[in-house]
Amino acid sequence: MDKSLTKIVVVDDELKNNHPLIVKLGQIFEGVMLFNKASEAIAYINEYLECRIIMILDLRLSGGETGSRALRALRALSYQIPVIIWTAVDEKTIEFFDLINFKAYAIRDKDESTENMLALVRQADADMSYALSNALERWILAQPGDHDAIYAVATNGESYSLNQMLEEVRKDTVKGKEFTQDLVNLTIELMEKEEKNDE
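Quick caveat, the model's predicted, so the values are computed rather than measured.

Undergrad: Can you explain the packing of aromatic side chains? Please cite residues and give values.
TA: For the coordinates displayed, the defined rule picks out 4 aromatic pairs. The interplanar angle of 85 degrees and the centroid separation of 5.2 Å between the aromatic rings of Tyr160 and Phe179 together place this pair among those described as edge-to-face. Taken as a pair, Tyr160 in strand 7 (residues 159-161) and Phe179 in helix 8 (residues 174-198) lie far apart in primary sequence, 19 residues in all. According to the relative accessible area criterion, Tyr160 is buried, its value standing at 9%. Put simply, the rings of Phe35, Tyr44 and Tyr48 pair up and form one aromatic cluster. Of note, Lys7 hangs over the ring of Tyr48, and the distance from its end group to the ring centre comes to 4.9 Å. It is Lys110 that lies over the ring of Trp86; its NZ or CZ is 4.8 Å from the centre.

Set out below in structure tokens:
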């Protein structure tokens, strides 16, 4: 079986590379990176933002870093990356509500079995394949030419380059959601035209 090309970024300052989860992930995914520092993980993700990435994040980090701050920093880059929180979380804390607001893909306790974690990561990988915003991101990245040149003009007269469109989609802004909805509308329109031509 071929390995998935999705990169897995694990942020945990207690895990080692021989931990069963890391070893099993390495058997399924091409690139599994373990970081002790969240800041290094965010820098890595920023460098490989055009790749498919899933993050597994421990909220309890040492050295003055927190998983909550790492999630905020990641969301400043992209909302397209599923983040699986792998730690004990008190559901009555502000931190828990941050996880909801910053769209954590799932929250699992540290005693979750390796098999369940693997299934969850596989599900996140599959979900990325079907998300419309991810499809739009892949389409934008695949376009030839100058990505800084004006590419589209909105009905309100605002103009956008491909890079600006990509940033809006990644940050899950209102405009990014509109671009994604426009893709859906265009796809439906093209399917309807094709259906009429087949009649």
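Undergrad: Just give me the short version of helix 7 (residues 162-170), but keep the residues and values in it.
TA: Of the positions making up helix 7, those classed as buried are Leu162, Met165, Leu166, Val169 and Arg170. An end-on view of helix 7 places all buried positions within 130 degrees of arc, on one side of the element. Along its buried surface, helix 7 packs onto helix 3 (67-77), helix 6 (132-142), strand 6 (150-153), strand 7 and helix 8. Of the residues trailing helix 7, Asp172 is marked for its positive phi of about 55 degrees.

Undergrad: Account for the environment of Asn36, with residues named and values stated.
TA: Here Asn36 is to be found in the loop between strand 2 (29-35) and helix 2 (38-47). Residue classification places Asn36 among the partly exposed residues on the basis of a relative accessible area of 45%. For the pair Asn36 and Leu25, spaced 11 residues apart in sequence, the C-alpha separation works out to 17 Å. In contact with Asn36, not counting residues within four places along its chain, are Asp12, Asp13 and Leu15.

Undergrad: For the sheet that holds strand 4 (residues 83-86), give the residues involved together with the corresponding values.
TA: The pairing of strands in a sheet happens through backbone hydrogen bonds and is either parallel or antiparallel. The strand order 2-1-3-4-5 describes an open sheet built from 5 strands, whose pairing is parallel. Each edge of the open sheet carries a strand with a single partner, namely strand 2 and strand 5 (106-108). Across this sheet, the average inter-strand angle for adjacent strands is 20 degrees, counted without regard to direction. Where strand 1 (residues 4-11) meets strand 3 (residues 53-57), 5 bridges bridge the pair, whose relative direction is parallel. Bridging from a neighbouring strand, Val10 pairs with Ile56 of strand 3. Lying on the sheet, helix 5 (residues 114-130) is in contact with strand 1, strand 2, strand 3, strand 4 and strand 5; it crosses strand 3 at an angle near 145 degrees.

Undergrad: Give me the lowdown on the pattern of salt bridges, citing residues and values where you can.
TA: Tallied over the full model, the rule gives 6 salt bridges. Put simply, Asp125 and Arg52 hold a salt bridge, and the shortest N to O gap is 2.5 Å. A residue pair is termed long-range when its members are at least 10 positions apart, and Asp125 in helix 5 and Arg52 in the loop between helix 2 and strand 3 qualify at 73 residues. The exposure class assigned to Asp125 is buried, which follows from its relative accessible area of 11%. For Arg52, a relative accessible area of 25% corresponds to the partly exposed category. Across the pair Arg170 and Glu137 runs a salt bridge, and its minimum N-O distance is 2.6 Å. Note that Arg170 is positioned in helix 7 and Glu137 in helix 6, a separation of 33 residues in sequence. The class of Arg170 is buried, set by a relative accessible area of 9%.

Reading the values: the criteria
Residues numbered from 1 in each chain as written. Predicted model: local features only at pLDDT ≥ 70, side-chain atom pairs only at ≥ 80, totals over all residues. Heavy atoms only, no water. Phe/Tyr/Trp six-rings, centres within 6.5 Å; stacked < 30°, edge-to-face > 60°. Helix = DSSP H or I, 4+ residues; strand = E, 2+ residues; numbered from the N terminus. Buried < 20%, exposed > 50% of the residue type's maximum accessible area, 1.4 Å probe, protein only. Lys NZ or Arg CZ within 6 Å of the ring centre and 35° of its normal. Arc of directions from axis to C-beta. Contact = heavy atoms within 4.5 Å. Pairing = 2+ DSSP bridges. Axes fitted to C-alpha atoms, helices over the stretch in contact; angles between N-to-C directions. Salt bridge = Lys/Arg side-chain N within 4 Å of Asp/Glu carboxyl O.

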